[in-house]
Amino acid sequence: MGVALFWVLPEMAGFLNLPNALAWIAAGFAVLWAVDRFVYPVCPACSTPHDHDHCAATLHGFAPPLLIAAGLHSALDGWSVSAANGSGHLGTPFVLAIAIHKVPEGLALGVIMRAAMDSRRAALGWCILAESSTLAGAALEMVLAPHLGPHVLHALLAIAGGTFLYLGGHAVHGEFRRRGLATTAFPAVAGIAAPSLFRLF
């Protein structure tokens, strides 16, 4: 959320102007909200029918949809990093944000895949395949970017910023519902504020 607010929004506002940047960021937020609400949960483990307190049970049928979602998510990560790399201000924060969030994302995906599959080796292999689509997304952006033009690329980056806002808000809201305000507030504020401190340097 902090990357979207303190890095993406100012950069996009400088190029697209503030109302257009806000509109594209809102579009990214709205698209992910609609997918989460009407198509498939953005975080299947956070969806209503999933019981977080009994995750030791085998999650039959969970692997295919989660791997597809993780693969698409990783491809968008790769696209975003590659697109942001052309910007002097956004390149480093995007790479750091994506790299840092890949650690808990990969661990969570691995745990869920291990619970959903009989073989440890198969779970690891599928996780590696899903996460490696980050490279495919970056390659796709490099191939298509010269044909899209700077306005399209900035709009796509703003949409990516909107999805970051939704994912961050989704995570904070889920933790708030499960653990309450006291446990959720400090990590949420620290996560949002940290990118603003990076911007000072």
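Source: prediction; values computed, not measured.

Novice: Which parts of the structure should I look at to understand the packing of aromatic side chains?
Specialist: Two aromatic rings are characterised by how far apart their centres lie and by the angle between their planes. Under the criterion given, the structure shown has two aromatic pairs. Each ring, one from Phe29 and one from Tyr166, has its centre 5.2 Å from the other, and the planes form 80°; the classification is edge-to-face. On the criterion of sequence distance, the pair formed by Phe29 in helix H2 (residues 18–39) and Tyr166 in helix H6 (residues 150–179) is long-range, its members being 137 residues apart.

Novice: Help me understand H6 in this model?
Specialist: Every α-helix carries 3.6 residues per turn, so stepping three or four residues along brings you back to the same face. The first and last C-alpha atoms of H6 sit 43 Å apart over 30 residues, in line with the 44 Å expected at 1.5 Å per residue. Residue Gly180 follows H6 closely and has a positive phi angle near 90°.

Novice: Explain the pattern of salt bridges to me, please; I cannot follow it from the model alone.
Specialist: Side chains that differ in charge, positive against negative, can pair when their charged atoms come close. Scanning all chains against the criterion turns up three salt bridges. The salt bridge partner of Asp77 is Lys102, with a shortest N-O separation of 3.1 Å. On the criterion of sequence distance, the pair formed by Asp77 in helix H3 (residues 63–84) and Lys102 in helix H4 (residues 91–116) is long-range, its members being 25 residues apart. For the pair Asp77 and Lys102, a shared accessibility class is recorded, and that class is buried. Residue Glu105 is joined to Lys102 by a salt bridge in which the shortest nitrogen-to-oxygen separation is 3.2 Å. On the criterion of helical spacing, the pair formed by Glu105 and Lys102 is a turn pair, its members being three residues apart in helix H4. Of the two residues, Glu105 and Lys102, both sit in the buried class. Each member of the salt-bridge network shares a partner with another, and the members are Asp77, Lys102, Glu105 and Glu131.

Novice: Help me out: how do you make sense of a nonpolar patch on the surface in this one?
Specialist: Nonpolar side chains collect at one region of the surface, where Phe29, Val31, Trp33, Val35, Phe38 and Val39 lie side by side and expose about 600 Å² of accessible area between them. In this fold, Trp33 is placed in helix H2.

Novice: Is there a simple way to think about unusual backbone geometry in this case?
Specialist: With glycine set apart, most residues show a phi of negative sign, and most peptide bonds adopt trans. In this structure, Asn17 takes a positive phi of about 80° despite not being glycine. Relative to the helices and strands, Asn17 is located in the loop between helix H1 (2–16) and H2. Judged by relative accessible area, Asn17 falls into the partly exposed class, the value being 38%.

Novice: Honestly, the side chain of Asp36 in this entry has me stumped. Any pointers?
Specialist: Turning to its location among the elements, Asp36 is positioned in helix H2. Buried and unpaired, Asp36 has Arg37 as its nearest opposite-charge partner, separated by 8.2 Å. A polar contact of 2.5 Å, which involves the side chain of Asp36, links it to the side chain of Tyr166.

Novice: Sorry if this is basic, but what is going on with the nonpolar core here?
Specialist: Generally speaking, nonpolar side chains in soluble globular proteins are found buried as a group. One finds Val3, Val8, Met12, Ile25, Phe94, Leu157 and Phe164 to be the most contacted residues of the largest nonpolar core, which totals 18 residues. If you list the elements that add at least two residues to this core, you get H1, H2, H3, H4 and H6. Here this core gets seven residues from one element, more than from any other, and that element is H1. Grouped together as the second largest cluster of nonpolar side chains are 12 residues, Ala63, Ile112, Met113 and Ala116 included.

Novice: Would you mind going over the environment of Leu157 with me for this structure?
Specialist: Mapping Leu157 onto the fold places it in helix H6. The class of Leu157 is buried, set by a relative accessible area of 5%. Separated by 146 residues in the primary sequence, Leu157 and Glu11 have C-alpha atoms spaced 9.7 Å apart.

Calculation criteria
Just so you know, the residues in each chain are numbered from 1, in the order the chain's sequence is written. Reporting in this predicted model follows two pLDDT cut-offs: at least 70 for local features of residues, and 80 or more for side-chain atom pairs to be given and counted; totals over whole chains, interfaces and linings ignore these cut-offs and use all residues. The side-chain figures draw on all heavy atoms in the structure; neither hydrogens nor water molecules are used. The pairing test for Phe, Tyr and Trp rings, Trp by its six-membered ring, is centres within 6.5 Å, and the orientation test on the planes gives stacked under 30 degrees, edge-to-face over 60, and tilted for anything in between. Secondary structure follows DSSP: runs of H or I at least 4 residues long count as helices, runs of E at least 2 residues long count as strands, and numbering of each begins at the N terminus. Here a helix's expected span is defined as the number of its residues, less one, multiplied by 1.5 Å. Criterion for a salt bridge: a side-chain nitrogen of Lys or Arg within 4 Å of a carboxyl oxygen of Asp or Glu. Throughout, exposure labels follow a simple rule: accessible area from a 1.4 Å probe, protein chains only, divided by the maximum for the residue type, with under 20% read as buried, over 50% as exposed, and the rest as partly exposed. To count toward a patch, a residue needs a relative accessible area over 30% and no salt bridge; like charges are then connected within 9 Å, while nonpolar side chains (Val, Leu, Ile, Met, Phe, Trp, Tyr) are connected within 5 Å. Here the Shrake-Rupley method, with its probe set to 1.4 Å, supplies the accessible areas, and only the displayed protein chains count as covering residues. Charged residues are defined here as Lys and Arg on the positive side and Asp and Glu on the negative side; His and the ends of the chain fall outside this count. Pairs of N or O atoms within 3.5 Å make up the polar contacts considered here, provided that, within protein, one atom can donate a hydrogen while the other can accept it, and that residues adjacent in sequence are counted only when both atoms are side-chain atoms. Here, nonpolar core refers to any group of buried Ala, Val, Leu, Ile, Met, Phe, Trp, Tyr and Cys residues whose side-chain atoms link them within 4.5 Å.

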